[in-house]
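Residue strings, one per chain:
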Amino acid sequence: MTSNIVLSEVEYNVVGKRHLRPDGVDKVTGRAQYGADIRLAGLLAGKVLRSPHAHARIKSIDTTAAAAGPGVHAVVTAGDLPFAALTREELGGDYQRLKFANNHVLAADKVLFKGHPVAAVAAESQHLAEEAVKLIRVEYEVLPPAMTVREAMEPDAPLLHDDLYTSELGQLSERPSNIAAHMAFATGDVELGLTQADLVVEREYQTASVHQGYIEPHNATAFWNADGQLNIWCSTQGPFVVRTNVADILRHPVSRVKVTPMEIGGGFGGKITAYLEPIAALLSQKSGRPVKLLMSRTEVFEASGPAPGTWMKVKLGVTREGRITAADITLAFEAGAYPGSPVMQGAACALACYDVPNGRINGYDVVVNKPKTAAYRAPGSPQAAFAVESVIDEICEELGLDPVEFRLRNAAKEGVRRVEGPVYRRVGLVECLEAARNHDHYRTPLEGENRGRGVAAGFWFNRGFQSSVNLTVNPDGTVNLIEGSVDIGGSRATIAQQAAETLGIAYDEVKPTVVDTDSIGYTMVTGGSRTTFATGWAAIEAAEDVKRQLVERAAKIWDTPIEDVEYADGVLSHKSDPELRMTFKELARQLLGTGGGVTGVSNVDPAGEGNSFGVHIVDLEVDPDTGKVTILRYTAVQDAGKAVHPSYVEGQMQGGVVQGIGWALNEEYFFNDQGQMMNSSFLDYRMPTALDLPMIDTVIVEVANPGHPYGVRGVGEVPIVPPLPAIGSAISHAIGSRMRRLPVTPGAILEAL
Amino acid sequence: MEAIEYTTPKTLAEAVQAMADKGDRARALAGGTDLLVQLRGGRRSADLIVDVKDVPELNQISYDAQDGLTIGAAAPCYQIYQDPAVAANYPGLVDSASLIGSIQIQGRASLGGNLCNSAPSADAIPVMIALGAVANIAGPNGTRQVAVEDFCTGPGRNVLESGEVLVSVTMPAPQANSGASYLRFIPRNEMDIAVAGVGSSVVLDASGQNFVSARISLASVAPTPVFCREAGASLSGKAVSDEAVEAAAQLAMADAVPINDMRGTVRQRIHLVGVLTRRTLNIAIQRARGEE
Ligand SMILES: Cc1cc2nc3c(=O)[nH]c(=O)nc-3n(C[C@H](O)[C@H](O)[C@H](O)COP(=O)(O)OP(=O)(O)OC[C@H]3O[C@@H](n4cnc5c(N)ncnc54)[C@H](O)[C@@H]3O)c2cc1C
């Protein structure tokens, strides 16, 4: 077997090298501080009471006994949220949004999923809080649940919200509905395109609800000081988003909320929403003491945000030569209890790998009695890719075309317009397809019975958004890098690398620190494959600011115009006087005596997208007696633009593939007929273990992103997209029968055989 | 979970005394890989934990060619499969002990705990039944022995009475030309609960071509582990053949009364009993012939 390959175009000094991560020692020695490690004087333990029902009306909540329980300091319900005292008139157009946000945190009149928070207690110890929660009496009127997107779309389905109307192309429906929104993208003339096709294939696909499965459960500690200052420590991908959410729900000024992000044990998109933070804050406000809340694994499954289950229909028309002439797609995504599935992103990604002249995509956002969905790596894209790429695979089989060749013939490239509008700048899909075709894996024929090979491509936008970095030069010639991006996948290192490269100093002379929301400018979440791209860019800008100030300082010291001073490779020099020369270190030592320290700052919001594509190849074998799938070989090819830290890019690619394998083969929320999740543990929610996986080979393709100084594109999202269709197709080839619902479990394979 | 008492008796008598004193509110603790999880999850409660890992009789592993193998109820899996006598004489038991949980779990989990937890899916019970194991029990009224196939009475329930502890299990010395095997089906390769499991043992004649006797037992397809008397008996005296194995597999399938749940369906489980019975019998036959 081959191993990991980097196909580089440009060499830098620091960027592109495999440096040690700054947080490595703390993490391997167990010293890194996570949210659950917080100890504060007078800290109380909290516990949330959650709905046992998927759908019910709350008739009454009696907290008297709990409030009087031993060691109990506070009990809260939705009635304690400021929203309870606000009127529809006061809130106007913002009413429904705020109502949904508040009801999600603490249910008011109805519970909409099993695990929905109903009340919470703060007590002297975890045990006392758990005992107290049992004393809360809730009377429910149990209602029939609507569990799947198809069921919920039926006109006679149980309604989750009696005030939710379908927003349909700018209009609101007459009657309330579980369909929160219907959106559409279109280009060209689909009917005409279909008439130009030699082959039209139309198929339906389904995927189940799945969870990100991060190892660290949600946690939040809050202290609401008597002066109104609210401090929060939590595990989040976005401390600034938590600050906004908490301020919004608690009607508290943003400036009085400080969020400190602790180390994070994974998020994958699931740690953006504030679940526990507003509850911990309310409990603290009421008790006057700091309060810590921790979720159990069951609570994480039942009450954080899974990725949506979906129903999808794809119709593709192609010519005999394998050119796509038309695409007509319908995507219906489960939003969970409140509107907001990633169906829009799914729709924009569905055809993004191809040059489609005539396309139409309809998307439906549908509420169901499941936890509100959250982002999960490339939200919406894996599901859409499963449907579209699977149809393409069927077309290739039907027309006898090589699947890589087919994709090359239709591949998106510079100048191609996506169905929803944007025109691609330079992108690397063609290069990825070529690298896949040339790879030893693809060139080695797959032999043996019950075996199948699958190939699929995937896409993600990689948008920028706001980031901020401060760089302070220390007297010893090192630099403190202050950032607001929580480090999930090694971003301390990749951002420090970009600062070091720009300053022309060594990697270990930049010391990155992630700080709280009072200590750095607004920084969007670590997510959407944006961090190394956008916060990296902020680091570059801050480094440029440092350089400018150092040039000024050197000019001052040398008593020469600024224009005469040059900064290159960490050395300041006079353009015409070779005697006048200072290294970065030499100047750093003189700063305090020549006018004070130097701090470079930046606030950026890069426009445009750093679109990235991936192409995956998988070989697998099916045990025809048991239906069990063994992954034999897996190769992931991806355009990283520039792999700032190749090991971390490989790690992202491998991690995405592993999660995709789980999604394709075994992971799913299993509900009983009352809508209660039955497998809310890692024992029964079957994520792959190390023993279920082969080495995942990676090929990093570097087609520089024209929209970033070092050509960086994001890398974290794309690798979870192709595994679903690649594995689905490989299984279909192995057993000779097309599998159109994920996960393709052993049971499903046995039924198909 | 509330505060609970904890004791570590040093002798069997002390252990029995402690268990008897608290009656139903006492729980023995071996590896704790079932008990602690259940206590934390609120699925079980107790006032007293009696840690039996310091009681010598519960930690022994002893083998001799006459009396067979006695394994203390608290001996952890890794000690069982690393024991040379066990490895040489009871490869079927090694199959089970080495697939429970993971390396970490095997460092703690015991056969006694597996048996006393009495889960329908317990991976060590079918092979013990196939090997003809007997449970040695001590209680306030003395000691008694119960065949492992008679030990479990329902999911999480068994014949132990209030105050009793399981001391050990004894398996007869292997007969000439015998072999055993355990396989389970899980969608992953570790850390999962058997969708179905089958333990088989066979005794062949000197030629290796005919069955003398056989025993077959199933996991995860009924409220308790299932001992398939007829399926095993059907092989006695028959020539070793695919047809005989198939006939036994059909009988084993007839004994399965599984449920539909998140781990598998009735159809899938019954089908898997057939697959795994064939596979375990064939491995047991190979082992009996010394081919593996
Ligand atoms: C991650 C994980 C994976 C697992 N995987 C598997 C698996 O693959 N297959 C499988 O079968 N099981 C599995 N289990 C369950 C468990 O590990 C096994 O059942 C194990 O054999 C239990 O042994 P123990 O020593 O830990 O028992 P304990 O938890 O100590 O005890 C189990 C029960 O038996 C009682 N008990 C223990 N010893 C005695 C005694 N001497 N007398 C009377 N009562 C007693 C206890 O009170 C308790 O009720 C897994 C558990 C975990 C946590």
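These numbers were taken from a predicted model, which means no experiment stands behind them. (Residues numbered from 1 in each chain as written. Chains lettered and ligands numbered in written order. Predicted model: local features only at pLDDT ≥ 70, side-chain atom pairs only at ≥ 80, totals over all residues. Heavy atoms only, no water.)

Trainee: Describe the overall build of chain A, and please don't skip the residues or the numbers.
Mentor: In terms of regular secondary structure, chain A is built from 21 helices and 29 strands. Against the 2.2 N^0.38 benchmark of 27 Å for 753 residues, chain A shows a C-alpha radius of gyration of 27 Å, consistent with a compact globule. The principal-axis extent of the C-alpha atoms belonging to chain A is close to 85 × 75 × 50 Å. The burial tally for chain A puts 62% of its 753 residues in the buried class. (Helix = DSSP H or I, 4+ residues; strand = E, 2+ residues; numbered from the N terminus. Rg over C-alpha atoms; globule rule 2.2 N^0.38 Å. Buried < 20%, exposed > 50% of the residue type's maximum accessible area, 1.4 Å probe, protein only.)

Trainee: Can you break down the interface of chain B and chain A residue by residue, with the values?
Mentor: The figure often quoted for interface size is the accessible area lost as the parts come together. The partner chain A presents 25 residues to the 21 residues of chain B that form the contact. Where chain B packs against chain A, one counts 5 salt bridges. Note that B:R263 and A:D684 form a salt bridge whose closest N and O atoms lie 2.6 Å from each other. Here chain B and chain A share 14 residue pairs in polar contact (both at pLDDT 80 or more) between them. Of all the elements, helix α11 (residues 266-288) of chain B adds the most residues to the side of chain B that touches chain A, at 6 residues. (Contact = heavy atoms within 4.5 Å. Salt bridge = Lys/Arg side-chain N within 4 Å of Asp/Glu carboxyl O. Polar contact = N/O pair within 3.5 Å; in protein donor to acceptor, adjacent residues only side chain to side chain.)

Trainee: Mind laying out the domain arrangement of chain B, listing which residues take part and the relevant values?
Mentor: We note that the domain assignment places domain 1 (5-51), domain 2 (56-171) and domain 3 (178-288) within chain B. For domain 1 of chain B and domain 3 of chain B, the distance between their C-alpha centres works out to 34 Å. (Domains from an automatic or database assignment.)

Trainee: Account for the sheet that holds strand β7 (residues 142-147) of chain B, with residues named and values stated.
Mentor: All names here are of chain B. With antiparallel pairing, 5 strands are arranged side by side in an open sheet as β4-β5-β10-β6-β7. Every other strand in the sheet has two partners, leaving β4 (61-64) and β7 as the edge strands with one partner each. Neighbour-to-neighbour, the strand axes of this sheet turn through a mean angle of 20 degrees, independent of strand direction. As paired strands, strand β6 (residues 134-139) and β7 are joined by 6 bridges and run antiparallel to one another. For V134, the partnering residue across the bridge sits in β7 and is A147. Against the sheet, helix α1 (residues 12-22) touches β6 and β10 (165-171), its axis set at about 130 degrees to β10. (Pairing = 2+ DSSP bridges. Axes fitted to C-alpha atoms, helices over the stretch in contact; angles between N-to-C directions.)

Trainee: Give a description of the packing of aromatic side chains that names residues and reports values.
Mentor: All names here are of chain A. The tally for this structure, following the rule as stated, stands at 18 aromatic pairs over all chains. Seen from their ring centres, F240 and Y522 are 5.1 Å apart, and the 50 degrees between their planes marks the pair as tilted. Placement of F240 in helix α8 (residues 239-250) and of Y522 in the loop between β22 (510-514) and α17 (531-558) is noted, with a sequence separation of 282 residues between them. Aromatic pair Y424 and F459: ring centres 6.2 Å apart, planes at 75 degrees, arrangement edge-to-face. In this pair, Y424 is assigned in the loop between α13 (403-410) and α14 (429-438) and F459 in strand β19 (residues 451-460), connecting sequence segments 35 residues apart. (Phe/Tyr/Trp six-rings, centres within 6.5 Å; stacked < 30°, edge-to-face > 60°.)

Trainee: Give a detailed account of the site of the ligand, specifying residues and quantitative values.
Mentor: Residues and elements named next belong to chain B. Of all residues adjacent to the ligand, which total 30 residues, the nearest are A28, T33, D34, S110 and D123. The backbone of L35 places a nitrogen or oxygen atom 2.7 Å from an oxygen atom of the ligand. With respect to the ligand, the backbone of G101 contributes an N or O atom lying 2.9 Å from an oxygen atom. Considered on its own, the ligand offers 980 Å² of accessible surface; in the complex 91% of this is hidden by protein. Every element with two or more residues in the shell around the ligand is listed here: β2 (26-29), α7 (111-117) and β10. Of the residues that constitute the shell around the ligand, the class distribution is 16 nonpolar, 8 polar and 6 charged. (Near = heavy atom within 4 Å. Areas by Shrake-Rupley, 256 points an atom, 1.4 Å probe, with all protein chains shown as cover. Nonpolar A, V, L, I, M, F, W, Y, C, P; charged D, E, K, R; others polar.)

Trainee: Explain the pattern of salt bridges to me, using residue names and the numbers behind them.
Mentor: Applying the stated criterion across every chain yields a total of 61 salt bridges over all chains. Here A:E141 makes a salt bridge to A:R57, at a shortest N to O gap of 3.8 Å. With A:E141 in strand β7 (residues 137-142) and A:R57 in strand β3 (residues 56-62), the pair connects residues that are 84 residues apart, well separated along the chain. Since its relative accessible area comes to 36%, A:E141 is described here as partly exposed. Taking relative accessible area as the criterion, A:R57 reaches 35% and is therefore assigned partly exposed. Measuring nitrogen to oxygen at the nearest pair gives 3.0 Å for the salt bridge that ties A:E751 to B:R267. Of this pair, A:E751 sits in helix α21 (residues 746-752) while B:R267 sits in helix α11, each in a different chain. We classify A:E751 as partly exposed; its relative accessible area is 47%. Ionic contacts of the salt-bridge type, sharing partners, join the residues A:R21, A:D23, A:K27, A:E263, A:D487 and A:R492 into one network.

Trainee: For the nonpolar core, give the residues involved together with the corresponding values.
Mentor: A:I727 and A:I731 are the most contacted members of the largest nonpolar core, which has 107 residues in total. With 9 residues, helix α12 (residues 381-399) of chain A is the largest single contributor of residues to this core. Once residues lying within four places of it in the same chain are set aside, the contact partners of A:I727 are A:V618, A:L620, A:I631, A:Y634, A:I661, A:A664 and A:L665. Judged by nonpolar contacts, the second largest core, of 56 residues, contains B:V16, B:I125, B:V148 and B:Y182. (Core = buried A, V, L, I, M, F, W, Y, C linked by side-chain atoms within 4.5 Å.)

Trainee: So what's going on with the side chain of A:N462? Which residues, and what values?
Mentor: All names here are of chain A. With respect to the helices and strands, the residue N462 is situated in the loop between β19 and β20 (467-473). Residue classification places N462 among the buried positions, given a relative accessible area of 1%. Engagement of the side chain of N462 in a polar contact is seen with the backbone oxygen of G714, the distance being 3.3 Å.

Trainee: So what about the environment of A:N462? Which residues, and what values?
Mentor: Residues A:N462 and A:S612, 150 residues apart in the sequence, show an inter-C-alpha distance of 7.0 Å. In this view, A:N462 contacts A:G528, A:S529, A:G608, A:E609, A:G610, A:N611, A:S612, A:R713, A:G714 and A:E717; residues no more than four positions away in its chain are not counted.

Trainee: Describe α8(A), listing the residues and the values that go with them.
Mentor: All names here are of chain A. The first and last C-alpha atoms of α8 sit 16 Å apart over 12 residues, in line with the 16 Å expected at 1.5 Å per residue. When α8 is considered as a whole, its buried residues turn out to be P239, F240, V241, V242, R243, V246, A247, D248, I249 and L250. Of the surrounding elements, those touching the buried residues of α8 are α4 (95-105), β12 (219-224), β13 (230-234), β14 (257-261) and α9 (277-287). Positive phi shows up at R251, right after α8, with a value of about 50 degrees. (Expected span 1.5 Å × (residues − 1).)

Trainee: Mind laying out α12(A), listing which residues take part and the relevant values?
Mentor: In a regular helix each residue adds 1.5 Å, so 19 residues correspond to 27 Å; α12(A) covers 26 Å between its end C-alpha atoms and thus fits that length. The positive-phi residue at the C-terminal boundary of α12(A) is A:G400, with phi of around 65 degrees.

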